[in-house]
Amino acid sequence: MHKPLPLECTSLSFRGFQYAQTMIFAIEEINNSTDLLPGISLGYKMYDNCDSITRSVKVALLLTNGNEVVSAPTEAPCNRPAEVQAIIGGTSSSPCMAIGTVIGHFYISQISPSATCTCLSDKTKYPSFLRTIPSDYYQSRALAQLVKHFGWTWVGGIRSNDDYGNNGMATFTEAAQQLGICLEYSVSFFRADPPDKIKKIIDIIKASTSKVIVAFLLHVDMDVVLNALSHHNVTGYQWVGSESWIIDFQIGEKDTHHILDGAIGLFIPKAQVSGLKEFILDVKQLSLSSNELFTEFWETLFNCKFKRSNSSAENQRECTGHEDLTGVKNSYTDMSLMPLFNNIYKGVYAVAHALHNLLGCNKTCDYKVQLDPLMILQHIRKIQFKTKERDEVYFDENGDPPAKYEIINWQPTENGIVDFVTVGLYDASLPADKQLSLQNKSLFWSQNSQQVPVSVCSEKCPPGTRKVLQKGKPVCCYDCIRCAEGEISNMTDSITCEQCHHESWSNERRDACVKKEAEFLSYEEIMGVLLTAAALFGTCMTAVVAAIFFTYRTTPIVRANNSELSFLLLFSLTLCFLCSLTFIGRPSEWSCMLRHTAFGITFVLCISCVLGKTIVVLMAFRATLPGSNVMKWFGPAQQRLSVVAFTLIQVVICILWLTISPPFPFKNFTQFKDKIILECALGSAVGFWAVLGYIGLLAILCFILAFLARKLPDNFNEAKLITFSMLIFCAVWMTFIPAYVSSPGKFSVAVEIFAILASSYGLLICIFLPKCYIILLKPEKNTKKNMMGK
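None of the values given here were measured: they were computed from a predicted structure.

Trainee: Describe the overall build of the protein, with residues and values.
Mentor: The helix and strand tally for the protein stands at 22 helices and 20 strands. By the burial criterion, 51% of the 790 residues in the protein qualify as buried. Sequence separation of at least 24 residues holds for 68% of the intrachain contacts in the protein that already meet a minimum separation of 6. For the protein, the computed accessible surface area is about 38,000 Å², with 58% contributed by carbon and sulfur atoms.

Trainee: Could you give an account of the sheet that holds strand E2 (residues 109-112), with specific residues and numbers?
Mentor: Taken in spatial order, the three strands make up an open sheet running E1-E2-E3, and their pairing is parallel. Two strands close off the open sheet at either side, each with one partner strand: strand E1 (86-88) and strand E3 (129-131). Ignoring which end each strand starts from, the neighbouring axes of this sheet average 20° apart. Two elements, E1 and E2, share three bridges in a ladder whose sense is parallel. Within E2, the position partnered with Ile88 by the bridge is Ile111. Contacts from helix H3 (residues 93-103) reach E1, E2 and E3, with the element oriented near 170° to E2. Helix H12 (residues 373-382) rests against E2 and E3 of the sheet, and its axis sits at about 40° to E2.

Trainee: Give a description of H3 that names residues and reports values.
Mentor: Most of H3 is tucked away: ten of the eleven residues are buried. Within the sequence span of H3, burial applies to Ser93, Ser94, Pro95, Cys96, Met97, Ala98, Ile99, Gly100, Val102 and Ile103. Against the buried residues of H3 lie helix H2 (53-65), E1, E2, E3 and helix H5 (163-178).

Trainee: Could you give an account of the state of the cysteines, naming the residues involved and the relevant values?
Mentor: Tallied over the full model, the rule gives eight disulfides. Two residues share a disulfide in this structure: Cys117 and Cys119, whose sulfurs sit 2.3 Å from each other. Around the S-S axis, the bridge from Cys117 to Cys119 shows a dihedral of about 130° and counts as right-handed. For the pair Cys117 and Cys119, one class covers both residues: buried. Bridging Cys592 to Cys680, the disulfide has an S-S length of 1.9 Å. Its S-S torsion of about -80° marks the bond between Cys592 and Cys680 as left-handed, since a negative value means left-handed.

Trainee: Please provide a residue-by-residue account of the nonpolar core, values included.
Mentor: Core analysis: the biggest nonpolar cluster contains 95 residues, and Leu37, Ile158, Trp239, Trp245, Leu260, Tyr332 and Trp410 have the highest contact counts within it. At 13 residues, helix H11 (residues 338-358) tops the list of elements feeding residues into this core. Counting 66 residues, the second largest nonpolar core, distinct from the first, contains Leu570, Cys654, Trp657 and Val749.

Trainee: So what's going on with the packing of aromatic side chains? Residues and values would help.
Mentor: Scanning all chains against the criterion turns up 22 aromatic pairs. Between Trp152 and Trp445, the aromatic rings sit 5.7 Å apart at their centres with planes inclined by 90°, giving edge-to-face as the arrangement. In this pair, Trp152 sits in the loop between helix H4 (136-149) and strand E4 (154-160) while Trp445 sits in the loop between strand E13 (436-438) and strand E14 (465-469), placing the two residues 293 residues apart along the sequence. Look at Trp445 and you get buried, because its relative accessible area is 2%. Geometrically, the ring pair formed by Tyr345 and Tyr349 is tilted, given 4.7 Å between the ring centres and 40° between the ring planes.

Trainee: So, the pairing of strand E7 (residues 238-241): which residues are in play, and what are the values?
Mentor: Residue alternation in E7 divides its side chains into two sets, Gln238 and Val240 and Trp239 and Gly241, and both sets are buried. Of the pairings in the sheet, the one linking strand E6 (residues 212-216) to E7 comprises four bridges and is parallel in character. Across the sheet, the residue bridging to Ile213 is Trp239, located in E7. Taking the sense of rotation as the criterion, the β-α-β connection linking E6, helix H7 (residues 219-231) and E7 turns out right-handed. Alignment of E7 against strand E8 (residues 264-267), held across two bridges, turns out to be parallel. Note that in E8 the partner of Val240 across the bridge is Ile264. Handedness of the β-α-β unit built from E7, helix H8 (residues 249-254) and E8 comes out right-handed.

Trainee: Please provide a residue-by-residue account of the pattern of salt bridges, values included.
Mentor: Note that side chains of opposite charge can pair when their charged atoms are close. In the structure shown here, the tally under the stated rule is eleven salt bridges. Between Asp221 and Arg191 there is a salt bridge, and its shortest N-O distance comes to 3.0 Å. Placement of Asp221 in helix H7 and of Arg191 in the loop between strand E5 (182-189) and helix H6 (195-207) is noted, with a sequence separation of 30 residues between them. As a salt-bridge pair, Asp193 and Lys197 come within 3.6 Å of each other at their nearest N and O atoms. Relative accessible area serves as the criterion here: at 17%, Asp193 is assigned to the buried category.

Trainee: With reference to specific residues and values, describe helix H14 (residues 526-551).
Mentor: Note that an α-helix has 3.6 residues per turn; residues three or four places apart therefore point the same way. Spanning 26 residues, H14 covers 37 Å between terminal C-alpha atoms, matching the ideal 38 Å at 1.5 Å per step. Those residues of H14 that sit buried are Gly528, Leu531, Thr532, Ala535, Gly538, Thr539, Thr542, Val545, Ile548 and Phe549. Against helix H15 (556-559), helix H16 (563-579) and helix H21 (746-777) lie the buried residues of H14.

Trainee: An account of the side chain of Asp255 is requested, with residue identities and associated values reported.
Mentor: Note that Asp255 resides in the loop between H8 and E8. Buried within the structure, Asp255 lacks any salt-bridge partner; its nearest side chain of opposite charge belongs to Lys254, at an N-O separation of 12 Å. Contacts of Asp255, omitting those with residues within four sequence positions, involve Leu226, Leu260, Asp261 and Trp410.

Trainee: Explain the confidence of the model for the protein residue by residue, including any values.
Mentor: Averaged over all residues, the pLDDT of the protein equals 84, while 87% of them reach at least 70. Contacts from residues 1-7, a stretch scored under 50 in pLDDT, to residues over four places away or in other chains number 29 contacts. Counting contacts from residues 68-76, a segment whose pLDDT is below 50, to residues more than four positions away or on other chains yields 18 contacts.

Trainee: Explain the pairing of E4 residue by residue, including any values.
Mentor: The element E4 is largely enclosed, with a buried count of seven among its seven residues. Alternating residues of E4 divide into Trp154, Gly156, Ile158 and Ser160 and Val155, Gly157 and Arg159, and every residue in both groups is buried. In this fold, the crossover linking E4 to E5 by way of H5 has right-handed handedness.

Trainee: Which residues make up a nonpolar patch on the surface, and what values do they have?
Mentor: Taken together, the side chains of Val644, Leu648, Val652, Leu656 and Ile660 present a nonpolar region at the surface, about 490 Å² in accessible area. Along the chain, the position of Val644 falls in helix H18 (residues 636-660).

Trainee: Tell me about the environment of Asp372, and name the residues and values.
Mentor: With respect to the helices and strands, the residue Asp372 is situated in the loop between H11 and H12. By relative accessible area, Asp372 is classed as partly exposed at 32%. Among the polar contacts listed, one links the side chain of Asp372 to the backbone nitrogen of Leu374, at a separation of 3.1 Å.

Trainee: Quick rundown of the sheet that holds strand E18 (residues 517-519)? Include the residues and the values.
Mentor: One open sheet accounts for three strands, arranged E18-E20-E19; its pairing is mixed. Here the strands that pair on one side only, and so sit at the sheet edges, are E18 and strand E19 (664-668). Sheet twist, expressed as the average angle between the axes of neighbouring strands with direction ignored, equals 30°. The pairing of E19 with strand E20 (residues 675-681) spans five bridges and is antiparallel. Each residue of the ladder has a partner; that of Pro665, found in E20, is Cys680.

Criteria and cut-off values
- Residues numbered from 1 in each chain as written.
- Predicted model: local features only at pLDDT ≥ 70, side-chain atom pairs only at ≥ 80, totals over all residues.
- Heavy atoms only, no water.
- Helix = DSSP H or I, 4+ residues; strand = E, 2+ residues; numbered from the N terminus.
- Buried < 20%, exposed > 50% of the residue type's maximum accessible area, 1.4 Å probe, protein only.
- Contact = heavy atoms within 4.5 Å.
- Areas by Shrake-Rupley, 256 points an atom, 1.4 Å probe, with all protein chains shown as cover.
- Pairing = 2+ DSSP bridges.
- Axes fitted to C-alpha atoms, helices over the stretch in contact; angles between N-to-C directions.
- Disulfide = S-S within 2.5 Å.
- Core = buried A, V, L, I, M, F, W, Y, C linked by side-chain atoms within 4.5 Å.
- Phe/Tyr/Trp six-rings, centres within 6.5 Å; stacked < 30°, edge-to-face > 60°.
- Right-handed = clockwise from strand over helix to strand, strands pointing away.
- Salt bridge = Lys/Arg side-chain N within 4 Å of Asp/Glu carboxyl O.
- Expected span 1.5 Å × (residues − 1).
- Lys, Arg positive; Asp, Glu negative; His and termini not counted.
- pLDDT = per-residue confidence, 0-100.
- Patch = residues over 30% accessible without salt bridge, like charges linked within 9 Å, V, L, I, M, F, W, Y side chains within 5 Å.
- Polar contact = N/O pair within 3.5 Å; in protein donor to acceptor, adjacent residues only side chain to side chain.

Structure, rendered in structure tokens:
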């Protein structure tokens, strides 16, 4: 077993130390196991590539050729040559690509815990590469779905200028375009870039109109960007982050200006490896080492200096080697990266399980098996096992694990420390519509807002308009142009307008026609109110007349000419006034059927009563002639029967009309270009004109009979009043037809209501008002003698 080599890096990385400790923990756990590789101890050699491609290639070549330098003698003799069977690392994509290019042709297995570039899934270029973290192929698409979920269609992009950032952002851009998301800008950045390039990026962000920035950055690059943003006071943007920095404790500590508050992004699911945290934090054993690596680590960890250190500062306290981590809080004691530690743990165990299967281990292993890198690689690809924490480990044909992510939200706490809160999940194995799920937790957004930020180039075009792209800009930038007259668009963000009255359209779709307001005679408008008031006033007036007649029902003027018909006529007039109300309001199926049938039946009942009274007048004077017994043929019973018979005919006509083709509500799109006329279609025009024609026939018959009886000798000849009322009735309905046909929209309904009310008022006033005048103001004329004066 070999100890780690000294560092050649410019600075110490606590994260690298955590990774190293995790690998050591896993190997020691396997070596102490009696179930996995019994009797076999795994050794290791550890290098820090300093995130350098050059050093990564150098180390890969050393390992491949077997010329690596051993820093310390082995503690136990090995019965096999110290051949490298697998490499666990590196931690970022570009170094992994360099290593994979070198060792791929030798089929030495390389398992990375955190290199996510999609390009590494290409087995023709990197045949021996595997990883325990999902590919950015899934992360980029998950980020695009996350952006789409919140309605952000206009975003900016900043990426690391390496394989991780460039490939990740390219995949995100492709997925975003498929979802209708546009990038206002996409800039690359590397931590070694000169200040003027960083300043240009800051200027681009400030000049942009998008309020959401997708940052596909390594944590070290994000650190530099954050410093630049703080220096230029760039705040108020919603950040969407990749897994490399979204739960980085150091970045959260450095964000003193709260620039990243409310950031949202993806990270691999939380994980726990029992005993690992305690192993990493147990640093006392390291104090016994004389290696310069641990000396530097100890000094950085406890912010002190050993006496032998050449760089000891006067103001720094001296290291004793007995310092305790209790109370120390820094990026080394932060365990938020435990999911990545778990990936290292799973990678080591994947190699162990492959060796276990290859050596045919049961209680013992077959030491005679000649190990070959290609055989080990093939067994690693096929392994499937569960860790002690019940995490299932396996690789697909590209050497990738299943893609699952937690959605992380940066939420500031009262003490100023950022809390990385899990607010949702993404599972690429589920159907597309169920992959992204957000939990019912309160999300924090930039500037501590509770409202989801808005980031669009153009607001959605409402129904009635169409999108016209702005010249030279992405498809997310457009103007909303109103549809031409006679055309509509019935959905948001329509790119075309269509004819409003297309024959294949449903009524509901036609309703969406822009600027086409539904028009009908309603109770709320002035005309509707006036007509309603006129109808109700007529009803009340009829009720008053009926009350007067009932009060003076024993007087001659009421008893003359069949008082029973008079009350029935008053009742029918009341119905005539009330039926006009069915013509007001939004047409519906029942109102359309009721309005015409109620109108037809009540008016026939009314005219039948008037016709009966007219016939009674004629019969009465015929009965005064010598030898005439005509009244016995038209007594009260015959009068009632005639009213019922005349009305029953109209009832039959209405029943046939409603049965064969009843009236129905109809939306007229053609009469006006800017309005929808809600009206009642007749259903059967024959039925409508049959109802009107029958009313006209009875009215004309009544008018003729009354006209013939107008000069009969009587101080109070009711035939004259009936003649005059029928003259008004016929005049009203004769003028109704041309007025009805020529009136547009709701005014045709108003004309029909006016005709009903005018004819009803004509009958009420002409027949009953003179009688009421005599009853109330000229009671001396209300005698039988006066009635029979001539």
